[in-house]
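Commentary on secondary and tertiary structure
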Amino acid sequence: MAEDKGKRDSIGMSLRGCRTNNGFVQNEDILEKELDLGSPPDSAVAILGPAEPALQGIRPYAGMPKEVLFQFSGQARYRVPREVLFWLTVASVLVLTVATIAIIAVSPKCLDWWQAGPIYQIYPRSFKDSDQDGNGDLRGIQEKLDYIASLNIKTIWITSFYKSSLKDFRHGVEDFREIDPIFGTMKDFEDLVAAIHDKGLKLIIDFIPNHTSDKHAWFQLSRNRIGKYTDYYIWHDCRRDGGTTTPPNNWLSVYGNSSWHFDEVRNQCYFHQFLKEQPDLNFHNLDVQEEIKEIIQFWLKKGVDGFSFDAVKFLLEAEHLRDEAQVNKAQIPDTVTHYWELYHDFTTTQVGMHDIVRSFRQTMDQYSREPGRYRFMGTEAYGESIDRTMMYYGLPFIQEADFPFNNYLSKLNTPSGNSVFEVITSWMENMPEGKWPNWMIGGPDNARLTSRFGEEYVNIMNMLIFTLPGTPITYYGEEIGMRNILATNLNESYDVNTLLSKSPMQWDNSSNAGFSEASHTWLPTNSDYHTVNVDVQKTNSR
C-alpha cells in the first residue's frame, strides 16, 4: 500500500505541478478540480495506458506532459479533424501535381533562338566589300552587323563561302575546310563569328554535301584509284568510240544532257547531277558519310550555330542504274536532253536518303547539349512536292530538320490573294503536328519580290511573313525593295537568270551604292540605287 500511495502522489504532483508552474496558462485563478489522491490506484494511473479510462474533468493546457497530450489526442473531437486535414492535404498535393503535369503537357514550349526572331540571308559576294576589290567579303559583313541588329534580326544565314572554282555560284567546293580567298581568311571568319555572338545573334551557314569540285583532293585521288578514295565518287564503265561516249543509262543532269562524263585518267565515266565540274559523292560508301560528318563537326567547333543543307534530295542514286522513264513516251530517246523530260525516280529521294540526313542531325545534337547552344538544322529541298517536303521534318519520334526551308512564296509571280492563301494553307495543313513553319519571299535563286510583284507589294509581303506563325526569312535587300538588275554588261559566265537577284547591296547614293570603293564591282549595281537604299529607308521611317 505504501508503494501504491507513493506512485499516486508522484503522478498527482506531476500533473498539479505542471499546471502550477506553467507560465503560459491563462486565468490560473480559475478553480480546477484536483486529483483525488485518496482515490483507488486505478483512477490515478489511468493515463499510463491507452486501455485505461480517460481522465475526468481535466482540460487541455499548454505545457502538459506527453502522457496527458496522448490522452487528449486520441479523443474523437481532436482525432477526426486532424485526419480530415491530413487527407485533404494529400488530395490537394495530388491535384496540384496532376494539374502541373497537364499544364506542362498542353502548354507550348519556350521558343528556341531559331524560332524567336527573323533570319537574314546574305549572299556574301554582294553584301559589302571591305578591301576594294569589287567583291563582298566576310569583313564587310562584320562592318554591317549594327545595321543587321537594328532590323531586330536574330539569325544571320550566310550562303556558301568555301574555297571553290566559282562554278555554279560556289557550289563546286574544292575544300570544305577553307575560306575562298575572295571572301577573306579563316581568321576573318573566326572574327565574324565572335562579333556575331557578341551582338547576341546566331550564325547558320550553307553546306552542300552532295558533290564537290573536280579539283577537290578527294576526286584527284579517286580518279587515280588511290586507297579508300577509289570509291568516293560514282564511277561506271562506259563505251568510248573515238571521241563519242555512250553513257551507262539515260540519266540527265539538272542543267541538261547526260549526267555521265568520261574521265581519261581513270578511263571510266563519273556521275554528276549538276555540272560536269561537280562530280557526285558516293553516299553508299560509309567512309564518305563519315567524312561529311567530320566536316560538320569542324564548323561546329568554329562556333557555327547551324546549317542549311542544300541539294539533299540528290544524295543517293539507285545502284541498279536502270533508265528513268520518259515523260513523253512517244519522244525519240536520243532527243531527250532536258531534265524535265524524265521522271527522276532513280536519282532523287531514294530509300536511305533520309537516314543519312538524320545522321547529320545526330552529329549536330552532340554539340547541342550545352544550355543555349542548340544547333539548328534546315534543309533545302526545292522542287519537291509538299508531301515530300514535309518528310524532312522527320518522324514523330525521330527528329530530322528543324524545318525544311519554305520557298513556295518565292515562286509566285503574281500577287493573287488566292495563290498566297493556297501556299499558306498548303504548308500549315500538311505540316506535321507540333512542328514549326517558316516563310521566305526571296532568295539567291529567285527573282526579287519587287521585280515579280511590283514595289507596291513590298511592304505588304514583308508584313505578311512577319505576321504569319513561324520564322520569317528575309533575303538581303528585300527589306528596302531592291529589284533585279538588267541583264547587260554581266562579266560572269553563269546563267544570266540566276545573277539578276544577286546585285550589290544598296547602302546609300554614293558611288557603287556604298557597296565598294573599287572602280569596278563583280556585278553592276541597280540603276535605282539613288532612291532605293538603306539611307533613304532610314530617313523615310523616321
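Computed from a predicted structure; not experimentally measured.

Below, the discussion takes up unusual backbone geometry. Across the chain, the bulk of peptide bonds are trans and the bulk of non-glycine residues have phi less than zero. The phi dihedral of Asn267 falls on the positive side, at around 65°, and the residue is not glycine. Within the element layout of this structure, Asn267 appears in the loop between β9 (260-263) and β10 (268-271). Residue classification places Asn267 among the exposed positions, given a relative accessible area of 52%. Its identity as a non-glycine residue notwithstanding, Asn512 has a phi of 55°, on the positive side. With respect to the secondary-structure elements, Asn512 resides in the loop between β17 (471-475) and α15 (534-540). Judged by its relative accessible area of 15%, Asn512 falls in the buried class.

Before going further, it helps to spend a moment on the confidence of the model for the protein. Counting all residues, the mean pLDDT for the protein is 88, and 87% of those residues have values of 70 or more. Residue range residues 7-53 is modelled with pLDDT below 50. Its contacts to residues more than four positions away, or to other chains, number 39 contacts.

So, about a nonpolar patch on the surface. A cluster of nonpolar side chains, contributed by Val80, Val84, Leu85 and Leu88, occupies part of the molecular surface with about 360 Å² of accessible area. Note that Leu88 resides in helix α4 (residues 76-106).

According to UniProt, the "transmembrane region" (unreviewed entry) feature falls on residues 84-106. Overall, residues 84-106 shows 100% helix and 0% strand. The separation of its end C-alpha atoms is 33 Å.

With that out of the way, let us pick up the pattern of salt bridges. Taken as a whole, this structure holds 19 salt bridges when the rule is applied. Between Lys276 and Glu277 there is a salt bridge, with its nearest N and O atoms 3.1 Å apart. Taking relative accessible area as the criterion, Lys276 reaches 40% and is therefore assigned partly exposed. Residue classification places Glu277 among the buried residues on the basis of a relative accessible area of 17%. Glu455 is the salt-bridge partner of Arg483, the closest N and O atoms lying 3.6 Å from each other. With Arg483 in the loop between β17 and α15 and Glu455 in the loop between α13 (449-453) and α14 (458-467), this residue pair connects regions lying 28 residues apart in the sequence. When salt bridges that share partners are traced, they join Asp355, Arg358 and Glu400 into one network.

Read from one edge to the other, the open sheet built from 8 strands follows the order β15-β12-β11-β5-β2-β1-β17-β16, with strand pairing classed as parallel. Strands at the two margins of the open sheet, each flanked by one partner only, are β15 (403-404) and β16 (438-440). Pairing of strand β1 (residues 119-122) with β17 involves 3 bridges; the strand directions are parallel. Each bridged residue has a counterpart across the sheet, and for Gln121 the counterpart in β17 is Tyr475. The strands that helix α10 (residues 353-365) touches are β11 (306-310) and β12 (376-380); relative to β12, the one it contacts most, it runs at about 160°. Lying over the sheet, helix α12 (residues 417-430) contacts β15 and β16, oriented at roughly 155° with respect to β16.

A few words on the packing of aromatic side chains. Scanning the model with the defined rule gives 43 aromatic pairs in all. With a centroid separation of 6.0 Å and 70° between ring planes, the pair formed by Tyr162 and Phe176 is classed as edge-to-face. Of this pair, Tyr162 sits in strand β3 (residues 162-164) while Phe176 sits in strand β4 (residues 173-179), placing them 14 residues apart in sequence. Both residues of the pair, Tyr162 and Phe176, count as buried. Taking 6.3 Å as the distance between ring centres and 25° as the angle between the ring planes, the aromatic pair formed by Trp251 and Trp260 counts as stacked. On the basis of relative accessibility, which here comes to 2%, the residue Trp251 falls in the buried class. The ring of Trp507 carries Lys144 above its face, with NZ or CZ at 4.3 Å from the centroid. The ring of Tyr123 carries the charged tip of Lys502 above its face, separated from the ring centre by 5.5 Å.

Calculation rules
Residues numbered from 1 in each chain as written. Predicted model: local features only at pLDDT ≥ 70, side-chain atom pairs only at ≥ 80, totals over all residues. Heavy atoms only, no water. Helix = DSSP H or I, 4+ residues; strand = E, 2+ residues; numbered from the N terminus. Buried < 20%, exposed > 50% of the residue type's maximum accessible area, 1.4 Å probe, protein only. pLDDT = per-residue confidence, 0-100. Contact = heavy atoms within 4.5 Å. Patch = residues over 30% accessible without salt bridge, like charges linked within 9 Å, V, L, I, M, F, W, Y side chains within 5 Å. Areas by Shrake-Rupley, 256 points an atom, 1.4 Å probe, with all protein chains shown as cover. Salt bridge = Lys/Arg side-chain N within 4 Å of Asp/Glu carboxyl O. UniProt positions renumbered as here; feature names shortened; annotations may be inferred. Pairing = 2+ DSSP bridges. Axes fitted to C-alpha atoms, helices over the stretch in contact; angles between N-to-C directions. Phe/Tyr/Trp six-rings, centres within 6.5 Å; stacked < 30°, edge-to-face > 60°. Lys NZ or Arg CZ within 6 Å of the ring centre and 35° of its normal.

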